[in-house]
Amino acid sequence: MDKVTLQRIEKLHPFVREEVKQIIKDCNEALTGRAKVRITQGLRSFEEQEKLYAIGRITSGKKVTNAKAGQSIHNYGLAVDICMMIDGKTASWDTAKDWDNDKVADWYECVKIFAKYGWEWGGNWKTFKDLPHFEKKEILTEKGIIKTSWRKLIKMKRDKEDYVAF
């Protein structure tokens, strides 16, 4: 696991950090070729979210999100975006490439691993498909399972480190 990925994991919500480390480890073990997973986005501030939302609306460019500040699971540290790092140097978002020649696209090997841990893939969304995106839809707490919609998360209390308190 590369340094950038580890740094981004350490900023995720404490409830998912160890799980994400294990997911990335599992992905990298499954990918026996030149590709390894890098987390390109994790926790995102409300300010960063507003800047992304403005792209294609207020600033030039193609729209990259439909989520305003508070409406992205990234804003709560419960989502990650990934890419494949080829030979540790070149970022790739090619979802069809099979770098390890096992007849399964490396991206889809990772999609299956994230799914095994209960993460939803943005590539399965009906509108505005987001292929690099994965989010934790349910959190198991002492109180039971909490569904992680932004509408619920935005109303929840925060802990001393400003993470949603489950």
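Only a predicted model underlies this, so the values are computations on that prediction, with no experimental measurement involved. (Residues numbered from 1 in each chain as written. Predicted model: local features only at pLDDT ≥ 70, side-chain atom pairs only at ≥ 80, totals over all residues. Heavy atoms only, no water.)

Observations regarding the overall build of the chain
Tallying secondary structure elements over the chain gives 5 helices and 7 strands in all. In the chain, the succession of α and β elements from N to C terminus is α-α-β-α-β-β-α-β-β-β-β-α. Its C-alpha atoms give the chain principal-axis dimensions of roughly 45 × 45 × 30 Å. Within the chain, buried positions represent 42% of all 166 residues. In the chain, of all internal contacts separated by at least 6 residues, the share reaching a separation of at least 24 is 56%. Of the roughly 9500 Å² of accessible surface on the chain, a fraction of 53% belongs to carbon and sulfur atoms. Looking at charge distribution, the chain has the averaged site of its 32 positive side-chain charges lying 5 Å from that of its 25 negative ones. (Helix = DSSP H or I, 4+ residues; strand = E, 2+ residues; numbered from the N terminus. Buried < 20%, exposed > 50% of the residue type's maximum accessible area, 1.4 Å probe, protein only. Contact = heavy atoms within 4.5 Å. Areas by Shrake-Rupley, 256 points an atom, 1.4 Å probe, with all protein chains shown as cover. Lys, Arg positive; Asp, Glu negative; His and termini not counted. Charge placed at Lys NZ, Arg CZ, Asp CG, Glu CD.)

Observations regarding the pairing of strand β5 (residues 133-136)
Both faces of β5 are covered, namely the face carrying His133 and Glu135 and the face carrying Phe134 and Lys136. Sheet topology places strand β2 (residues 79-86) next to β5; 3 bridges connect them, and they run antiparallel. Within β5, the residue paired with Val80 across the bridge is Phe134. Note: strand β4 (residues 119-121) against β5, 3 bridges, orientation antiparallel. Bridging from a neighbouring strand, Trp121 pairs with Phe134 of β5. (Pairing = 2+ DSSP bridges.)

Some thoughts on helix α2 (residues 17-30)
End to end, α2 covers 20 Å across 14 residues, agreeing with the expected 20 Å (1.5 Å per residue, within 8%). Every buried residue of α2 is accounted for by Arg17, Val20, Ile23, Ile24, Asp26, Cys27 and Asn28. Packed against the buried residues of α2 are α1 (3-9), β1 (35-41), α4 (106-116) and β4. (Expected span 1.5 Å × (residues − 1).)

Quick notes on helix α3 (residues 46-54)
For α3, every residue scored as buried is listed here: Gln49, Tyr53 and Ala54. The buried residues of α3 occupy an angular sector of 140° when projected down its axis, which confines them to one face. Facing away from the buried side of α3 by more than 90 degrees, the exposed set consists of Glu47 and Lys51. In the stretch just after α3, Gly56 is the one whose phi turns positive, near 85°. (Arc of directions from axis to C-beta.)

Brief notes about the layout of surface pockets
Computed from the structure, the largest pocket encloses a volume of approximately 670 Å³. If you go around the largest pocket, you meet 26 residues; those closest to its centre are Val64, Thr65, Trp125, Phe128 and Asp130. At the level of secondary structure, the elements contributing two or more residues to the lining of the largest pocket comprise β1 and β5. Partitioned by chemical class, the residues of the lining of the largest pocket number 9 nonpolar, 9 polar and 8 charged. (1 Å grid on protein atoms, 1.4 Å probe; cavity = no way out; pocket = protein on both sides within 12 Å on 5 of 7 lines; lining within 4 Å. Points joined across faces, edges and corners; volume = space filled by probe spheres on them. Nonpolar A, V, L, I, M, F, W, Y, C, P; charged D, E, K, R; others polar.)

Some details on the side chain of Asp130
By the element assignment, Asp130 lies in the loop between β4 and β5. Beyond its immediate sequence surroundings of up to four residues, Asp130 is in contact with Trp121, Gly122, Gly123 and Trp125.

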